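Examination of the molecular architecture
Each chain, written out:
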Amino acid sequence: AVGLLQQQVYCYPNPVKDGEQAHVRFFLNQPVRVELQVFDALGQRVEKLVVDEGMAAPAENEIAWSTEIYASGLYLCRLEVKGTDGGVDVAIVKMAVSR
């Protein structure tokens, strides 16, 4: 870790139920480019969300997305942040979807 991500990265609510959005919350110490990829239990990517550099500010940030097309099960959320200096930080959090 290069220190772009501060504190814990987490998903809430967890599990995500019908009609709810999933949220990944994280704290940054500088403006970065953020990419969130979601993988199912078989390792298939089911979602990719990108926040351009400068959009994710040095503060508490959150990415929200709909899980309505996801089946019940366990998913891995891979959060990758890239700093302007070329540094990269990665965090992986588990998310459950319950229908």
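The shown structure was predicted, so the numbers you read here are calculated from the model rather than taken from an experiment.

**Here's the deal with the overall build of the protein chain**
Within the protein chain, the regular secondary structure consists of zero helices and eight strands. Taking 2.2 N^0.38 as the reference for a compact globule, 99 residues should give roughly 13 Å; the C-alpha atoms of the protein chain span a radius of gyration of 13 Å, in line with that estimate. Projecting the C-alpha coordinates of the protein chain onto the three principal axes gives extents of approximately 40 × 25 × 20 Å. Sequence separation of 24 or more characterises 59% of the internal contacts of the protein chain that already satisfy a separation of 6 or more.

**With respect to the confidence of the model for the protein chain**
Per-residue confidence for the protein chain gives a mean pLDDT of 87; residues scoring 70 or more make up 91%. Taken element by element, the protein chain is modelled with least confidence in strand E5 (residues 45-56), mean pLDDT 79, and with most confidence in strand E2 (residues 16-17), mean pLDDT 96.

**Topic: unusual backbone geometry**
At the junction of Tyr-12 and Pro-13, the peptide bond is cis and its omega measures out at -20 degrees in the coordinates. Along the chain, Pro-13 turns up in the loop between strand E1 (5-12) and E2. Note that the residue after Asn-14, namely Pro-15, is joined by a cis bond; omega there is 15 degrees. Looking at the secondary structure, you find Pro-15 in the loop between E1 and E2.

**Remarks on the state of the cysteines**
In this structure the tally under the stated criterion is zero disulfides. Sulfur of Cys-11: no disulfide; nearest cysteine sulfur belongs to Cys-77 and is 5.0 Å away.

**Some details on the pattern of salt bridges**
The full count for this structure, using the stated rule, is six salt bridges. Measuring nitrogen to oxygen at the nearest pair gives 2.4 Å for the salt bridge that ties Arg-25 to Glu-62. Of this pair, Arg-25 sits in strand E3 (residues 21-28) while Glu-62 is found in strand E6 (residues 60-66), placing the two residues 37 residues apart along the sequence. On the accessibility criterion, Arg-25 (22% relative accessible area) is partly exposed. The shortest N-O distance in the salt bridge between Glu-35 and Lys-48 comes to 3.7 Å. Taken together, the residues Glu-35 in strand E4 (residues 32-39) and Lys-48 in strand E5 connect sequence positions 13 residues apart. Connected via shared salt-bridge partners are Arg-33, Glu-35 and Lys-48.

**Overview of the packing of aromatic side chains**
Evaluation of the coordinates by the stated rule reveals two aromatic pairs. Ring centres of Tyr-10 and Tyr-12 lie 6.1 Å apart, and the angle between their planes is 40 degrees; this geometry places the pair in the tilted category. Tyr-12 gets classed as partly exposed once you look at its relative accessible area, which sits at 27%. Each ring, one from Tyr-70 and one from Tyr-75, has its centre 5.1 Å from the other, and the planes form 25 degrees; the classification is stacked. Note on Tyr-70: relative accessible area 5%, which makes it buried.

Definitions and cut-offs
Residues numbered from 1 in each chain as written. Predicted model: local features only at pLDDT ≥ 70, side-chain atom pairs only at ≥ 80, totals over all residues. Heavy atoms only, no water. Helix = DSSP H or I, 4+ residues; strand = E, 2+ residues; numbered from the N terminus. Rg over C-alpha atoms; globule rule 2.2 N^0.38 Å. Contact = heavy atoms within 4.5 Å. pLDDT = per-residue confidence, 0-100. Disulfide = S-S within 2.5 Å. Salt bridge = Lys/Arg side-chain N within 4 Å of Asp/Glu carboxyl O. Buried < 20%, exposed > 50% of the residue type's maximum accessible area, 1.4 Å probe, protein only. Phe/Tyr/Trp six-rings, centres within 6.5 Å; stacked < 30°, edge-to-face > 60°.

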